[in-house]
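Listed here are the chains, written in short residue letters.
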Amino acid sequence: MTPDDADAPEEVMWAGRFITAKRRGKWEYVGRARGIRAAVILPLDGDHVILVEQYRVPLGCNCLELPAGLIGDEDGAENEDPLEAARRELIEETGYSAARWENLGVYFSSPGMVSESFTLLRASELTKVGEGGGVEDEEIVVHRVNRANLEQFIADARARGVAVDVKMLLLLGAGMGGIKV
């Protein structure tokens, strides 16, 4: 079934450096500007997973997340490979590099209001190569969490007032999404 608005022209309502607000018929949504995409990393270190916590302005608080970063957001890097972006972001955010990578596919963040997609990549055989913490003023906190204690770790983060990114469901409900961690 195709909605009536599917063939309506897309109107750009507002465009910034990283996002664009659009309208198609009665639907309003946002997307990444200039074809920017995201790479999300599932970093597994034996029985542990590497997570990041950082302040997110739209939420007004810290958020617990999988490491991630934009693909092709720098001038001249419009055709950046998702794997290259993921390698760079894993080191920048967590201080780990990975010897083994697996592309788990392209997913959509919140398709009812955002056209943004991300490539999910599993990283394993990790080696600590730096401090992590992000670049400039990101102030990313890195967490190495035993997967057996993950549910309690997330509950404790929530109790501290930390928001939890929806992609954390990959780890909490690993059998449900078909992604074996």
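Predicted, not measured: the structure shown is a model, and the values here were computed from it.

Trainee: Would you mind showing me how to read the overall build of the protein here?
Mentor: Along the backbone of the protein there are three helices and eleven strands. From first element to last, N terminus to C terminus, the protein shows the α and β order β-β-β-β-β-β-β-α-β-β-β-α-β-α. The C-alpha atoms of the protein give a radius of gyration of 17 Å, which matches the 16 Å a tight globule of 181 residues would have. Principal-axis analysis of the C-alpha atoms gives the protein an extent of 50 × 35 × 30 Å. Partitioning the intrachain contacts of the protein with sequence separation of at least 6 by distance along the chain shows that 59% fall at a separation of at least 24. Approximately 10500 Å² of the protein is accessible, and the part contributed by carbon and sulfur atoms is 51%. The averaged location of the 31 negative side-chain charges in the protein is 4 Å from the averaged location of its 20 positive side-chain charges.

Trainee: I would appreciate a short explanation of the packing of aromatic side chains in the present structure.
Mentor: A ring pair, where both rings are aromatic, is described by two values, the distance of the centres and the angle of the planes. Using the criterion set out here, one finds one aromatic pair in the structure. Aromatic pair Tyr107 and Phe118: ring centres 5.9 Å apart, planes at 25°, arrangement stacked. Taken as a pair, Tyr107 in strand β8 (residues 96-108) and Phe118 in strand β9 (residues 117-128) lie far apart in primary sequence, eleven residues in all. Positioned above the aromatic ring of Phe118 is the side chain of Lys167, whose terminal nitrogen or guanidinium carbon lies 5.2 Å from the ring centre.

Trainee: Looking at this model, I keep getting lost on the nonpolar core. Mind explaining?
Mentor: Soluble, globular proteins show a tendency: their nonpolar side chains are buried together. Among the nonpolar cores identified, the biggest contains 19 residues, and Val49, Leu51, Leu66 and Leu171 are the most heavily contacted of them. Going through the elements one at a time, β4 (37-45), β5 (48-56), β9, α2 (150-159) and α3 (169-172) are the ones with two or more residues in this core. The element contributing the most residues to this core is β4, with four residues. Those residues in contact with Leu51 that lie beyond four places of it in its chain are Leu64, Glu65, Leu66, Val141, Val142, His143, Val145, Leu150, Phe153, Met168 and Leu171.

Trainee: Hey, could you run me through the sheet that holds strand β2 (residues 19-24) in this one?
Mentor: Consider a sheet: its strands pair through backbone hydrogen bonds, and that pairing is either parallel or antiparallel. Across the sheet, which stays open at both edges, the three strands sit in the order β1-β2-β3 with antiparallel pairing between neighbours. Single-partner strands in this sheet number two, and they are β1 (10-15) and β3 (27-32). Averaged over neighbouring strand pairs, the angle between their axes works out to 30° when direction is ignored. In the sheet, β1 pairs with β2 via five bridges, with the strands oriented antiparallel.

Trainee: Even after reading the chapter, I still don't get α2, so can you show me in this structure?
Mentor: Along an α-helix, residues three or four apart share an orientation, since each turn contains 3.6 residues. For α2, every residue scored as buried is listed here: Leu150, Ile154 and Ala157. The arc enclosing the buried residues of α2, seen along the axis, measures out at 60°, which places them on a common side. Seen from the open side of α2, the exposed residues pointing more than 90 degrees away from its buried face are Glu151 and Ala159. As for α2, its buried residues are in contact with β5, β6 (61-65), β10 (141-146), β11 (163-164) and α3. Just downstream of α2, Gly161 is the residue with a positive phi angle, here 90°.

Trainee: Mind showing me how you'd approach the environment of Glu53 here?
Mentor: Its place among the elements puts Glu53 in strand β5. With relative accessibility at 5%, the residue Glu53 sits in the buried group. With 89 residues separating them along the chain, Glu53 and Val142 place their C-alpha atoms 6.5 Å apart. Leave out the neighbours within four places in its chain, and Glu53 touches Asn62, Cys63, Leu64, Glu139, Ile140, Val141, His143, Arg160 and Val162. At 3.0 Å, the side chain of Glu53 and the side chain of Asn62 are in polar contact.

Cut-offs used in this document
- Residues numbered from 1 in each chain as written.
- Predicted model: local features only at pLDDT ≥ 70, side-chain atom pairs only at ≥ 80, totals over all residues.
- Heavy atoms only, no water.
- Helix = DSSP H or I, 4+ residues; strand = E, 2+ residues; numbered from the N terminus.
- Rg over C-alpha atoms; globule rule 2.2 N^0.38 Å.
- Contact = heavy atoms within 4.5 Å.
- Areas by Shrake-Rupley, 256 points an atom, 1.4 Å probe, with all protein chains shown as cover.
- Lys, Arg positive; Asp, Glu negative; His and termini not counted.
- Charge placed at Lys NZ, Arg CZ, Asp CG, Glu CD.
- Phe/Tyr/Trp six-rings, centres within 6.5 Å; stacked < 30°, edge-to-face > 60°.
- Lys NZ or Arg CZ within 6 Å of the ring centre and 35° of its normal.
- Core = buried A, V, L, I, M, F, W, Y, C linked by side-chain atoms within 4.5 Å.
- Buried < 20%, exposed > 50% of the residue type's maximum accessible area, 1.4 Å probe, protein only.
- Pairing = 2+ DSSP bridges.
- Axes fitted to C-alpha atoms, helices over the stretch in contact; angles between N-to-C directions.
- Arc of directions from axis to C-beta.
- Polar contact = N/O pair within 3.5 Å; in protein donor to acceptor, adjacent residues only side chain to side chain.

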